[in-house]
Amino acid sequence: SAVISQKPSRDICQRGTSLTIQCQVDSQVTMMFWYRQQPGQSLTLIATANQGSEATYESGFVIDKFPISRPNLTFSTLTVSNMSPEDSSIYLCSVEGIQIGASEKLFFGSGTQLSVL
Amino acid sequence: QKEVEQNSGPLSVPEGAIASLNCTYSDRGSQSFFWYRQYSGKSPELIMFIYSNGDKEDGRFTAQLNKASQYVSLLIRDSQPSDSATYLCAVKRLSNYQLIWGAGTKLIIKP
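Residues numbered from 1 in each chain as written. Chains lettered and ligands numbered in written order. Predicted model: local features only at pLDDT ≥ 70, side-chain atom pairs only at ≥ 80, totals over all residues. Heavy atoms only, no water.

Along the backbone of chain B there are zero helices and eleven strands. Taken from the N to the C terminus, the helices and strands of chain B come in the order β-β-β-β-β-β-β-β-β-β-β. Considering only C-alpha atoms, chain B reaches an extent of 45 × 30 × 20 Å along its principal axes. Each of the 111 residues in chain B was classed as buried or not, and the buried ones make up 43%. A separation of at least 24 residues holds for 54% of the contacts in chain B among residues at least 6 apart in sequence. Within the structure as shown, chain B displays about 5400 Å² of accessible surface, and the carbon and sulfur contribution to it stands at 48%. Counting 12 positive and 10 negative side-chain charges, chain B places the averaged centre of each group 5 Å from the other. (Helix = DSSP H or I, 4+ residues; strand = E, 2+ residues; numbered from the N terminus. Buried < 20%, exposed > 50% of the residue type's maximum accessible area, 1.4 Å probe, protein only. Contact = heavy atoms within 4.5 Å. Areas by Shrake-Rupley, 256 points an atom, 1.4 Å probe, with all protein chains shown as cover. Lys, Arg positive; Asp, Glu negative; His and termini not counted. Charge placed at Lys NZ, Arg CZ, Asp CG, Glu CD.)

If you want it as structure tokens, here you go:
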């Protein structure tokens, strides 16, 4: 299994500010995924981050609002920009397993609980 | 219609009984099906995956897949209070390999 360190674990932010969330993986992975989970809702994929290329954003999410960096195969950041109360949610990074037979299994970071006032 | 649907619950089951969780999906071409468990305030963790029609057993857990009827189930035998969590169903689309998530079913095991 992959071990993912995600921080911060929680934050309370003011409207209009930005927050950067970091994820560090203990092994090299090609793709890292960023999800949002609002209370009582499904996990929603924000974007897929590949090392060495631009992130691929899902419908409804744009780079200006959620810029992503992927400087190497073990690290990624997601920034939530110009925040509004609607951005209050849990943000999760995840990776697929790298062992044989585990490539479709997703492993998650511990999550960042964001509250925007 | 949501692409992956689950009853939100809560589903209350007495300790020691069988808990049955259901999930339906709309993309008939889906090939991979997953059950994740999420404790309150924690991240999801994979507990079962299934690719073929029929049953797949792992300890107290059994995943059941019926592609013709487009549903996947998770049975938990001898339910324990520690099984109390939200169970998320996820289905991988064949068209773009994207994982689509249900909203989850909250399971409560009563001692």
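What the rule picks out here adds up to two disulfides over all chains. Disulfide pairing is shown between A:Cys23 and A:Cys93; the S-S distance is 1.6 Å. In this structure, the disulfide formed by A:Cys23 and A:Cys93 twists by about -85° around the S-S bond and is classed as left-handed. Of this pair, A:Cys23 sits in strand E3 (residues 19–25) while A:Cys93 sits in strand E9 (residues 89–96), and the two are 70 residues apart along the sequence. Exposure remark for A:Cys23: the relative accessible area of 0% places this residue in the buried category. Sulfur-sulfur distance for the disulfide between B:Cys23 and B:Cys89 comes to 2.1 Å. Looking down the S-S bond of the B:Cys23 and B:Cys89 bridge, the torsion is -70°, so its handedness is left-handed. Taken together, the positions of B:Cys23 in strand E3 (residues 19–25) and B:Cys89 in strand E9 (residues 85–92) put the pair 66 residues apart, joining distant regions of the chain. Side by side, B:Cys23 and B:Cys89 carry an identical accessibility label, which is buried. (Disulfide = S-S within 2.5 Å.)

Attention now moves to the interface of chain A and chain B. Chain A puts 17 residues into the contact, and the matching count from chain B is 16 residues. In this structure, the connection of chain A to chain B is made through one salt bridge. The salt bridge partner of A:Glu96 is B:Lys92, with a shortest N-O separation of 3.7 Å. For the pair chain A and chain B, the interface holds nine residue pairs in polar contact (both at pLDDT 80 or more). (Salt bridge = Lys/Arg side-chain N within 4 Å of Asp/Glu carboxyl O. Polar contact = N/O pair within 3.5 Å; in protein donor to acceptor, adjacent residues only side chain to side chain.)

A complete count under the given rule lists eight aromatic pairs over all chains for this structure. Centroid distance A:Tyr35 to A:Phe108: 5.9 Å. Interplanar angle 50°. Geometry classified as tilted. Here the residue A:Tyr35 occupies a position in strand E4 (residues 31–37), and A:Phe108 occupies one in strand E10 (residues 106–108), the gap between them amounting to 73 residues. Neither residue differs from the other here; A:Tyr35 and A:Phe108 are each classed as buried. Sitting over the ring of B:Phe61, B:Arg60 keeps its end group 5.5 Å from the ring centre. (Phe/Tyr/Trp six-rings, centres within 6.5 Å; stacked < 30°, edge-to-face > 60°. Lys NZ or Arg CZ within 6 Å of the ring centre and 35° of its normal.)

So, about the environment of A:Thr79. Residues and elements named next belong to chain A. Take threonine 79: it is sitting in strand E8 (residues 75–80). Expressed as a C-alpha distance, the spacing of threonine 79 and leucine 19, which sit 60 residues apart in the sequence, is 5.5 Å. Only 2.9 Å separates the side chain of threonine 79 from the side chain of threonine 20, close enough to count as a polar contact.

Residues and elements named next belong to chain A. One open sheet holds the four strands; their spatial order is E1-E3-E8-E7, and the pairing between them is antiparallel. Looking at the sheet topology across the chains shown, the edges are occupied by strand E1 (4–7) and strand E7 (68–72). Averaged over neighbouring strand pairs, the angle between their axes works out to 15° when direction is ignored. Pairing geometry for E3 and E8, over six bridges, is antiparallel. Residue leucine 19 lies in a different strand from E8, and its bridge partner there is valine 80. (Pairing = 2+ DSSP bridges. Axes fitted to C-alpha atoms, helices over the stretch in contact; angles between N-to-C directions.)

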